[in-house]
Amino acid sequence: AAEEGFDLEDVEGAIGAAGHGPLPVLAVVGRPNVGKSTLVNRIIGRREAVVEDKPGVTRDRVTYEAEWAGRRFKVVDTGGWEQDVLGIDASVAAQAEYAIEAADAVVFVVDAKVGATDTDEAVVRLLRKAGKPVVLCANKVDGPSGEADAAYLWSLGLGEPHPVSALHGRGTGDMLDAVLEALPETPAQTFGTSVGGPRRVALIGRPNVGKSSLLNKVAGEERVVVNELAGTTRDPVDELIELGGKTWKFVDTAGIRKRVHLQQGADYYASLRTAAAVEKAEVAVVLIDGSETISVQDQRIVTMAVEAGRALVIAYNKWDTLDEERRYYLEREIETELAQVQWAPRVNVSARTGRHMEKLVPAIETALEGWETRVPTGRLNAFLGELVAAHPHPVRGGKQPRILFGTQAGTKPPRFVLFASGFIEAGYRRFIERRLREEFGFEGSPIHISVRVRE
Ligand code: GDP
Ligand code: GDP
């Protein structure tokens, strides 16, 4: 079916590339200084500023996309977290717990020059309990002479140690091959496997916006703790909550409780927890404290959900405390600070008084519906045809690039591939996204549009 110069292979290839579902998640865990960040940089093939980070500087970016041998996956880096006041064992264990919980497979990094320490052994116990596939990385094997050091790590009982020099790249290819073998094609944690089960909601937001108050209000006494996860941890706990006549699974709700002992690294820790919850959820409810100025941290949390491709609801809490003036400024802030997510359903709630609690479920349902919307190819092209005829792309250099046809490559969130006769400018892409939303809804969902240009 050659359509305007594209052959079927082009089209299928493009849809395959754009149509990936949720990506499996790889967590990189280990003690401080074993080389986790160096390894993550190697895996994502970029020089992110991770290793240069100064101690104490908050890093909230913890998840990266990577590709090896044509397969894409996400990498969770736990290397940016400072040791907390409980001491090194507790902090390494705690961060590893979150990362392992969110992961489909784990790379456990050990410094082969140092050998296995007690802290390493503690992480091994966590890994055993979690039962996730583990690839053992014996790092800092910079040359052949280090291979013997790596062999000692068989003693950890995690199978073959892969000798690697994260710094120089030695052995990383073989290790990544092993990673791909361990990683499932589709993430087990996310929607891939639980079709028909309760929908998964992540209630997220910066500290003190009212997450635990809201959870208590909506759930009352009906909370059912679902999984203590075979004892891996007391922390990432999912709870079944009855709301609007349906059962919902609120993921990682224990993370909502305060962890007062956390001093250093608390922000990073919170980011990791948020990222883990978002990974597991289908829809994120971002709670924002309406009584306070919308902050960069609020925006980052929203961005995390959008980048993860989850359905999104924004709830403005503490509405009971807002006077008329604050309400005015809040609207202005929403327009400027959250302009990029105007499509997200919004509810103004008060966890204290219970105001508008009943609107939460309809908003969540709307967002999930938008997230799952599929536009038939015929309808999409009828729409694109009219749109392009009425609003052609501006002429550039005597040429007028045209959208030839399009198809929806996937849902959750909706992903489109447009085929064009020339380079399509960003402004025109945004115009198309806007019109697609006007025509088909997608309320509460990010949408992805990729454009293929005929060579
Ligand atoms: P993290 O705390 O586990 O994230 O460790 P980093 O990635 O920050 O690395 C800690 C130190 O070990 C840095 O000075 C790195 O340059 C060094 N390092 C990391 N990987 C290697 C390696 O393969 N060989 C050598 N010799 N040093 C490494
Ligand atoms: P979390 O850190 O996001 O879980 O926030 P909390 O639920 O612990 O709430 C932080 C503070 O805000 C507590 O003192 C709550 O009583 C208060 N709070 C939460 N929701 C509301 C609300 O809707 N109205 C008012 N006035 N206070 C609230």
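Since we're looking at a predicted model, the values are computed, not measured.

Draft legend 1. Molecular detail of the pairing of strand E9 (residues 239-243). In terms of strand pairing, E9 meets strand E10 (residues 246-250) through 5 bridges, oriented antiparallel. The residue of E10 that forms the bridge with Leu243 is Lys246. Here E9 folds back onto E10 in antiparallel fashion, the turn holding 2 residues, of which Gly244 has a positive phi close to 55 degrees.

Draft legend 2. Structural detail: the site of ligand 2. Not every one of the 16 residues close to ligand 2 is listed here, only the nearest: Gly210, Lys211, Ser212, Ser213 and Arg352. Take the shell around ligand 2: its biggest share by element is 3 residues, from helix H7 (residues 211-219). Class assignment for the residues of the shell around ligand 2 results in 4 nonpolar, 8 polar and 4 charged.

Draft legend 3. Molecular detail of helix H13 (residues 426-440). An ideal rise of 1.5 Å per residue puts 21 Å on 15 residues; H13 measures up with 21 Å between its terminal C-alpha atoms. Of the residues flanking the end of H13, it is Gly441, one or two places downstream, whose phi is positive at about 95 degrees.

Draft legend 4. How the structure looks around helix H2 (residues 36-44). Most of H2 sits inside the fold, with 8 of its 9 residues counted as buried. Lining the buried residues of H2 we find strand E1 (25-29), strand E2 (63-68), strand E3 (71-77), strand E4 (105-111), strand E5 (134-139) and helix H6 (172-182). Positive backbone phi, approximately 65 degrees, marks Gly45, located one or two places after H2.

Draft legend 5. Spatial organisation of the sheet that holds E2. Spatially, E2-E3-E1-E4-E5-E6 is the arrangement adopted by the 6 strands of the open sheet, whose pairing is mixed. The open sheet has two edge strands with one neighbour each: E2 and strand E6 (161-163). Averaged over neighbouring strand pairs, the angle between their axes works out to 30 degrees when direction is ignored. In the sheet, E2 pairs with E3 via 6 bridges, with the strands oriented antiparallel.

Draft legend 6. Looking closely at the environment of Ala138. Its location among the elements puts Ala138 in strand E5. For the pair Ala138 and Asp149, spaced 11 residues apart in sequence, the C-alpha to C-alpha distance is 8.3 Å. Once residues within four sequence positions are removed from consideration, Ala138 is found in contact with Val110, Ala112, Ala150, Leu153, Pro161, His162, Pro163 and Val164.

Draft legend 7. Layout of the pairing of strand E14 (residues 403-410). Of the pairings in the sheet, the one linking E14 to strand E15 (residues 415-420) comprises 6 bridges and is antiparallel in character. By the bridge assignment for E15, Phe405 is matched with Phe419.

Draft legend 8. Representation of the nonpolar core within the structure. Of all hydrophobic cores here, the largest spans 94 residues; its most connected members are Leu26, Ala27, Phe108, Cys137, Val286 and Val313. With near-sequence residues (within four places) excluded, Val286 lies in contact with Ile204, Gly205, Ile301, Val302, Ala305, Leu312 and Ile314. Counting residues in each nonpolar core, the second largest holds 16 residues, with Leu384, Ile403, Phe419 and Ile447 among its members.

Draft legend 9. View of the environment of Glu97. Note on placement: Glu97 falls in helix H3 (residues 88-102). On a C-alpha basis, the gap between Glu97 and Arg273 in space is 9.9 Å, while along the polypeptide they are 176 residues apart.

Draft legend 10. Representation of the sheet that holds E14 in the model. Across the sheet, 3 strands lie side by side as E14-E15-E16; this open sheet has mixed pairing. Unpaired on one side and paired on the other, E14 and strand E16 (448-453) mark the two borders of the sheet. If you compare each strand with its neighbour and ignore which way they point, the axes differ by 20 degrees on average.

Draft legend 11. Examining unusual backbone geometry more closely. In this model, Lys412 is joined to Pro413 through a cis peptide bond whose omega is 0 degrees. Along the chain, Pro413 falls in the loop between E14 and E15. Although it is not a glycine, Ala69 sits at a positive phi angle of roughly 50 degrees. Mapped onto the fold, Ala69 is located in the loop between E2 and E3. Given 9 C-beta atoms within a 10 Å radius, Ala69 is considered exposed. At Lys412, a residue that is not glycine, the phi angle is positive and equals roughly 60 degrees. Mapped onto the elements of the fold, Lys412 is located in the loop between E14 and E15. With 20 C-beta atoms counted inside 10 Å, the residue Lys412 sits in the buried group.

Parameters at a glance
Residues numbered from 1 in each chain as written. Chains lettered and ligands numbered in written order. Predicted model: local features only at pLDDT ≥ 70, side-chain atom pairs only at ≥ 80, totals over all residues. Pairing = 2+ DSSP bridges. Helix = DSSP H or I, 4+ residues; strand = E, 2+ residues; numbered from the N terminus. Near = placed C-beta within 6 Å. Nonpolar A, V, L, I, M, F, W, Y, C, P; charged D, E, K, R; others polar. Expected span 1.5 Å × (residues − 1). Buried ≥ 20, exposed ≤ 12 C-beta atoms within 10 Å, placed from the backbone. Contact = placed C-beta atoms within 7 Å. Axes fitted to C-alpha atoms, helices over the stretch in contact; angles between N-to-C directions. Core = buried A, V, L, I, M, F, W, Y, C linked by C-beta atoms within 7 Å.

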